[in-house]
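Here is what each chain is made of, one letter per residue.
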Amino acid sequence: MATPSPKTPIPNNHAHPLVELTAVNKHFGALHVLKDINLTVDKGEVLVVIGPSGSGKSTLCRTINRLEPIDSGSITLDGTTLPEEGKALAKLRADVGMVFQSFNLFAHKSILDNVTLGPIKVRGLKPAEAKKQAMDLLERVGVANQATKLPAQLSGGQQQRVAIARALAMRPKVLLFDEPTSALDPEMVNEVLDVMIALAKEGMTMVVVTHEMGFARRAADRVVFMSDGEIIEQATPDNFFDHPKTDRAKDFLGKILTH
């Protein structure tokens with residue numbers, strides 16, 4: 001008998017979503033990059049955002065912790081509206097982990113220091129506790145033996161796994177991934193995706209912007225397809241990839257999926 005999947009799609013009718021975007025608009029000058037975005041993410045849900053380049057995917061991801069300010073609409077995290085600035089924003093932002101395309105590690109600090117800095121400075125952990133947590137997380141992502149090295153001494157795949165450990169060290173409520181494998185050599189992509197799939201199975205709430213369709217099929221509870229700043233359709237991975245409803249989604253999948 002086939003082993004049931006460890007993840008069951010989560011119905012999108014939760015009374016209190018962990019993340020909720022309501023009528024969110026964003027412009028870069030005359031360019032309208034997010035158009036009336038309405039989206040919820042439930043606790044424990046893995047939401048994968050896909051679409052052609054320039055569709056607004058990364059901007060959407062970056063608005064969730066206000067790395068990109070929005071022009072109108074609202075974004076709430078665990079029932080609290082994201083403030084625009086100040087200490088309240090910093091406090092809420094600590095609950096939203098972010099993994100970037102280009103790692104963004106502190107080049108002059110060791111791997112261990114990269115992972116302990118946030119918990120000590122922001123969460124108030126004692127150094128010994130932060131170090132133990134960091135080593136546990138580095139072990140979990142497979143780079144504990146690199147703890148004393150500087151980022152430049154690691155491969156891109158190892159650096160990205162450190163970046164994931166650093167985000168997890170803040171014990172976030174939700175993890176955002178903005179194209180986390182697009183700067184990696186092909187042979188390093190899977191080592192990062194494997195860590196992300198393990199996190200998904202453990203129930204981490206994740207919003208992932210990616211071009212990796214295999215990851216979307218394996219790990220997502222829901223796939224959101226964006227084009228021209230709009231959410232065009234959203235569905236379970238099987239429904240989206242096997243039965244896309246819109247011409248734009250069919251066209252996109254036709255270009256990227258080889259059969």
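Residue positions within a chain follow its written sequence, with the count starting from 1. The predicted origin of the model limits local features to residues at a pLDDT of at least 70 and limits the giving and counting of side-chain atom pairs to 80 or more, whereas totals for whole chains, interfaces and linings rest on all residues. Only heavy atoms go into the side-chain values, all of them from the structure, while hydrogens and water stay out.

Further remarks concern the overall build of the chain. When you go through the chain residue by residue, the secondary structure sums to 9 helices and 10 strands. Radius of gyration here is computed from C-alpha atoms only, and the compact-globule reference equals 2.2 Å multiplied by the residue count raised to the power 0.38. Whereas a compact globule of 259 residues would reach a radius of gyration of roughly 18 Å, the chain reaches 18 Å, a difference of no more than 12%. Expressed along its principal axes, the backbone C-alpha trace of the chain runs to roughly 55 × 50 × 40 Å. Under the scheme applied here, a residue whose accessible area is under 20% of the maximum for its type counts as buried, over 50% as exposed, and between as partly exposed, the area being computed with a 1.4 Å probe on protein chains only. Taking all 259 residues of the chain together, 52% fall into the buried category. Across the chain, contacts joining residues at least 24 apart in sequence account for 67% of those joining residues at least 6 apart. Using the Shrake-Rupley algorithm and a 1.4 Å probe, accessible areas are obtained, with residue cover drawn only from the displayed protein chains. Put simply, the chain shows about 12600 Å² of open surface, and 51% of that area lies on carbon and sulfur atoms. Think of it this way: Lys and Arg go in the positive column, Asp and Glu in the negative one, and His and the chain ends go nowhere. Charged side chains are reduced to one point each, which is NZ for Lys, CZ for Arg, CG for Asp and CD for Glu. Computing the positive centroid from 30 side-chain charges and the negative centroid from 30, the chain places the two 6 Å apart. The secondary structure listing takes helices from DSSP runs of H or I that are at least 4 residues long and strands from runs of E that are at least 2 residues long, numbered from the N terminus. Contact definition: two residues touch when any of their heavy atoms are within 4.5 Å.

Here we take up helix H6 (residues 186–201). The periodicity of an α-helix, 3.6 residues per turn, causes residues three or four places apart in sequence to face the same way. Given a rise of 1.5 Å per residue, 16 residues ought to cover 22 Å, and the 24 Å separating the end C-alpha atoms of H6 matches this to within 8%. For H6, the complete set of buried residues consists of Met188, Val189, Val192, Leu193, Val195, Met196, Ile197, Leu199 and Ala200. Buried positions along H6 lie against strand S3 (46–50), helix H4 (127–140), helix H5 (156–168), strand S7 (174–178), strand S8 (206–209) and helix H7 (213–219). The positive-phi residue at the C-terminal boundary of H6 is glycine 203, with phi of around 95°. How far a helix is expected to stretch is found by multiplying one less than its residue total by 1.5 Å.

This brings us to the sheet that holds strand S1 (residues 19–28). What holds strands together in a sheet is hydrogen bonding between their backbones, with the strands either parallel or antiparallel. Spatially, S2-S1-S4-S5 is the arrangement adopted by the 4 strands of the open sheet, whose pairing is antiparallel. Every other strand in the sheet has two partners, leaving strand S2 (31–41) and strand S5 (80–81) as the edge strands with one partner each. In the sheet, strand S4 (residues 72–77) pairs with S5 via 2 bridges, with the strands oriented antiparallel. Note that in S5 the partner of leucine 77 across the bridge is threonine 80. For two strands to be treated as a pair, DSSP must find no fewer than two bridges joining them.

This part takes up the UniProt feature "domain: ABC transporter" (unreviewed entry) in the chain. UniProt positions are given in the numbering used here, feature names are shortened, and annotations may be inferred rather than shown by experiment. When the UniProt feature table is mapped to this numbering, "domain: ABC transporter" (unreviewed entry) covers residues 19–253. Measuring from the first to the last C-alpha atom of residues 19–253 gives 27 Å, for a span that is 37% helix and 25% strand.

Moving on: the environment of lysine 255. Summarising the element assignment, lysine 255 is placed in helix H9 (residues 247–256). On a C-alpha basis, the gap between lysine 255 and asparagine 104 in space is 31 Å, while along the polypeptide they are 151 residues apart.

As a further point, take the sheet that holds S8. Taken in spatial order, the 6 strands line up as S6-S7-S8-S3-S9-S10 in an open sheet, and their pairing is mixed. Each edge of the sheet is formed by a strand with only one pairing partner; in this case those strands are strand S6 (96–99) and strand S10 (230–235). The average undirected angle you get between the axes of adjacent strands in this sheet is 20°. Bridge count for S3 against strand S9 (residues 222–227) is 4 bridges, and the pairing is parallel. Along S9, the bridge assignment pairs leucine 47 with arginine 222. Between N-to-C directions, angles span 0 to 180 degrees; the directions come from axes that are lines fitted to C-alpha atoms, helices contributing only their stretch in contact. Sheet strands in contact with H5 are S6 and S7, and its direction is about 175° off that of S6. H6 rests against S3, S7 and S8 of the sheet, and its axis sits at about 150° to S8.

Bringing the pattern of salt bridges into the picture now. Whenever a carboxyl oxygen of Asp or Glu lies within 4 Å of a side-chain nitrogen of Lys or Arg, that contact is scored as a salt bridge. Here the structure, examined in full by the defined rule, presents 13 salt bridges. Put simply, aspartate 242 and arginine 217 hold a salt bridge, and the shortest N to O gap is 2.8 Å. Placement of aspartate 242 in helix H8 (residues 237–242) and of arginine 217 in helix H7 is noted, with a sequence separation of 25 residues between them. We classify aspartate 242 as partly exposed; its relative accessible area is 43%. Each member of the salt-bridge network shares a partner with another, and the members are Asp78, Asp95, Arg123 and Lys173.

Within the fold, histidine 16 resides in the segment before S1. Residues histidine 16 and glutamate 45 lie 29 residues apart in sequence; the distance between their C-alpha atoms is 13 Å.

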